[in-house]
Amino acid sequence: MAVQTLPRPFDAGHGGAVYVPVAIPEDIDPAEVSSLVEAIQKAMVVLTHARQGDVTTRADRIAELASGLLEPSQELLEDRVHRMQTLHQVFATGDWLTSDQLHALQADPPKSKSQPASDWKRRGRVFSVSRGGREYFARYQFDAMYEPLPVIRDVLKEFGDVADAWVLAAWFHFPNGWIVDPNGAPVAPKDALDRRDDLIRAARRRNDSYVA
């Protein structure tokens with residue numbers, strides 16, 4: 001947990017300003033902090049005047065704060081719009097397969113149509129993304145026989161746990177400054193799957209100054 005301090009005084013109604021330390025989860029989106037702080041400040045007003053008014057009314061007021069006042073900030077909205085635009089571009093310009101399609105493309109398909117895709121994913125050999133309630137696998141992860149390319153597992157291992165699989169999809173999709181062609185132009189990782197060392201180096205340096 002990270003301890004944050006309210007950026008401006010909270011007027012407790014007693015003639016003075018009170019600064020309240022707030023414990024915020026470390027993984028919270030920074031764009032959500034301002035709206036969260038605002039909701040906490042308003043809740044503090046309710047709690048400060050806890051001896052005033054009906055108990056039920058105060059409870060309803062706090063419930064309202066919890067459910068309705070955490071409005072997204074403009075920064076958060078812009079971030080979500082940008083993310084959706086990126087997702088749309090990655091999906092629309094890519095070649096994607098469902099687990100059923102991968103099942104049908106196997107030389108000896110397993111009995112379960114979710115296999116072998118679900119097993120490959122569980123073992124970290126491929127990744128998938130969700131769109132419209134369905135799961136999709138990028139075709140570039142597979143060889144001509146629709147078996148996972150070993151380099152995909154190596155890259156996924158370098159990334160480690162990723163909460164949002166679209167981060168992986170975008171990384172593979174867009175030109176990367178750590179992978180270049182003979183003319184020095186950035187190359188998308190999905191177009192350099194035969195360059196394992198370059199891919200691993202790019203994955204390791206994804207948090208450096210260059211952002212794909």
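Note that the structure is predicted; figures quoted are calculated from it, not measured.

Assigned secondary structure in the protein consists of eight helices and nine strands. Relative to its 212 residues, the protein shows a buried fraction of 33%. Residue pairs in contact within the protein that sit at least 24 positions apart in sequence constitute 50% of those at least 6 positions apart. Total accessible area on the protein stands at roughly 13,200 Å², and carbon and sulfur atoms take up 52% of it.

The subject of this paragraph is the nonpolar core. If you look at the biggest cluster of nonpolar residues, it comprises 28 residues, and the most contacted ones within it are Trp96, Phe127, Val155, Trp171 and Phe172. Elements with a minimum of two residues in this core: helix H3 (74–92), strand E7 (134–138), helix H6 (150–159), helix H7 (165–173) and helix H8 (196–204). With residues near it in sequence (within four places) discarded, phenylalanine 127 still touches Tyr136, Phe137, Tyr140, Gln141, Leu156, Ala165, Leu168, Ala169 and Phe172. Of all hydrophobic cores here, the second largest spans eight residues; its members include Leu97, Ala117, Trp120 and Phe142.

This part takes up the pairing of E7. Put simply, side chains in a regular strand alternate between the two faces of the sheet. Of the pairings in the sheet, the one linking strand E5 (residues 96–97) to E7 comprises two bridges and is antiparallel in character. Counterpart to leucine 97 in the pairing with E7 is phenylalanine 137. Between strand E6 (residues 129–131) and E7, which pair antiparallel one after the other, the connecting turn spans two residues, and glycine 132 there sits at a positive phi close to 60 degrees.

A word on the sheet that holds E7. An order of E5-E7-E6 is seen for the three strands of this open sheet, with the pairing classed as antiparallel. In the strand order of this sheet, the two ends are held by E5 and E6, each with one partner. Contacting E5 and E6, H7 crosses the sheet at an angle of about 105 degrees to E6.

Turning next to the side chain of aspartate 198. Mapped onto the elements of the fold, aspartate 198 is located in helix H8. Here arginine 195 takes part through its side chain, which lies 2.9 Å from a polar atom of the side chain of aspartate 198.

Residues three or four positions apart in an α-helix share a direction because the helix packs 3.6 residues into each turn. Restricting attention to buried positions, one finds in H8 the residues Asp198, Leu199, Ile200, Ala202 and Ala203. Summarising the contacts, the buried residues of H8 are in contact with H6, H7 and strand E8 (176–180).

This next bit is on the pattern of salt bridges. Within the structure shown, the criterion is met by 11 salt bridges. Between arginine 139 and aspartate 95 there is a salt bridge, with the nearest N and O atoms lying 2.6 Å from each other. Placement of arginine 139 in the loop between E7 and H6 and of aspartate 95 in the loop between H3 and E5 is noted, with a sequence separation of 44 residues between them. For arginine 139, a relative accessible area of 26% translates into the label partly exposed. Take aspartate 95: its relative accessible area is 41%, and that puts it in the partly exposed class. Among the ionic pairs, glutamate 158 bridges to arginine 204, the shortest N-O distance being 3.2 Å. Residue glutamate 158 is located in helix H6, and its partner arginine 204 is located in helix H8; the two are separated by 46 residues in the primary sequence. Salt bridges linked by common partners bring Asp119, Arg122 and Arg123 together as one network.

Overall, the coordinates contain nine aromatic pairs when judged by the stated rule. Seen from their ring centres, phenylalanine 159 and tryptophan 171 are 5.2 Å apart, and the 75 degrees between their planes marks the pair as edge-to-face. Placement of the pair is phenylalanine 159 in helix H6 and tryptophan 171 in helix H7, with a sequence separation of 12 residues. Since its relative accessible area comes to 8%, phenylalanine 159 is described here as buried. The exposure class of tryptophan 171 is buried, given its relative accessible area of 7%. Considering the side-chain rings of tryptophan 171 and phenylalanine 172, the 5.0 Å spacing of their centres and the 85 degrees angle between planes classify their relative orientation as edge-to-face. By the ring-pair criterion, three or more aromatic residues cluster together here, those being Phe127, Tyr140, Phe159, Trp171 and Phe172.

Rules behind the numbers
Residue numbering note: each chain is counted from 1, following its sequence as written. It should be noted that, the model being predicted, local features are given only for residues of pLDDT at least 70 and side-chain atom pairs only at 80 or more, the latter also being counted only at that level, while totals for whole chains, interfaces and linings use all residues. Based on all heavy atoms of the structure, the side-chain values leave hydrogens and waters out of the count. What counts as a helix is a DSSP run of H or I of at least four residues, what counts as a strand is a run of E of at least two, and both are numbered from the N terminus. Any residue under 20% of the maximum accessible area for its type is buried, any over 50% is exposed, and the rest in between are partly exposed; the area is computed with a 1.4 Å probe on protein chains only. It only takes one pair of heavy atoms within 4.5 Å for two residues to be counted as in contact. Where accessible areas are quoted, they stem from the Shrake-Rupley method and a 1.4 Å probe; at the residue level, only the protein chains shown are allowed to cover. Side-chain atoms within 4.5 Å link the members of a nonpolar core, which is a set of buried Ala, Val, Leu, Ile, Met, Phe, Trp, Tyr and Cys residues. One requirement defines pairing of two strands: DSSP has to find at least two bridges between them. Only the contacting stretch of a helix is used when fitting its axis, a line to C-alpha atoms as for every element, and angles between N-to-C directions run 0 to 180 degrees. Any pair of N or O atoms that falls within 3.5 Å is considered a polar contact. Within protein, one atom must be able to donate a hydrogen and the other to accept it, and sequence-neighbouring residues count only if both atoms are side-chain atoms. Salt bridges are counted wherever a side-chain nitrogen of Lys or Arg sits within 4 Å of a carboxyl oxygen of Asp or Glu. Working definition: a ring pair exists when centres of Phe, Tyr or Trp rings (six-membered ring for Trp) sit within 6.5 Å. Plane angles under 30 degrees give stacked, over 60 give edge-to-face, the rest tilted.

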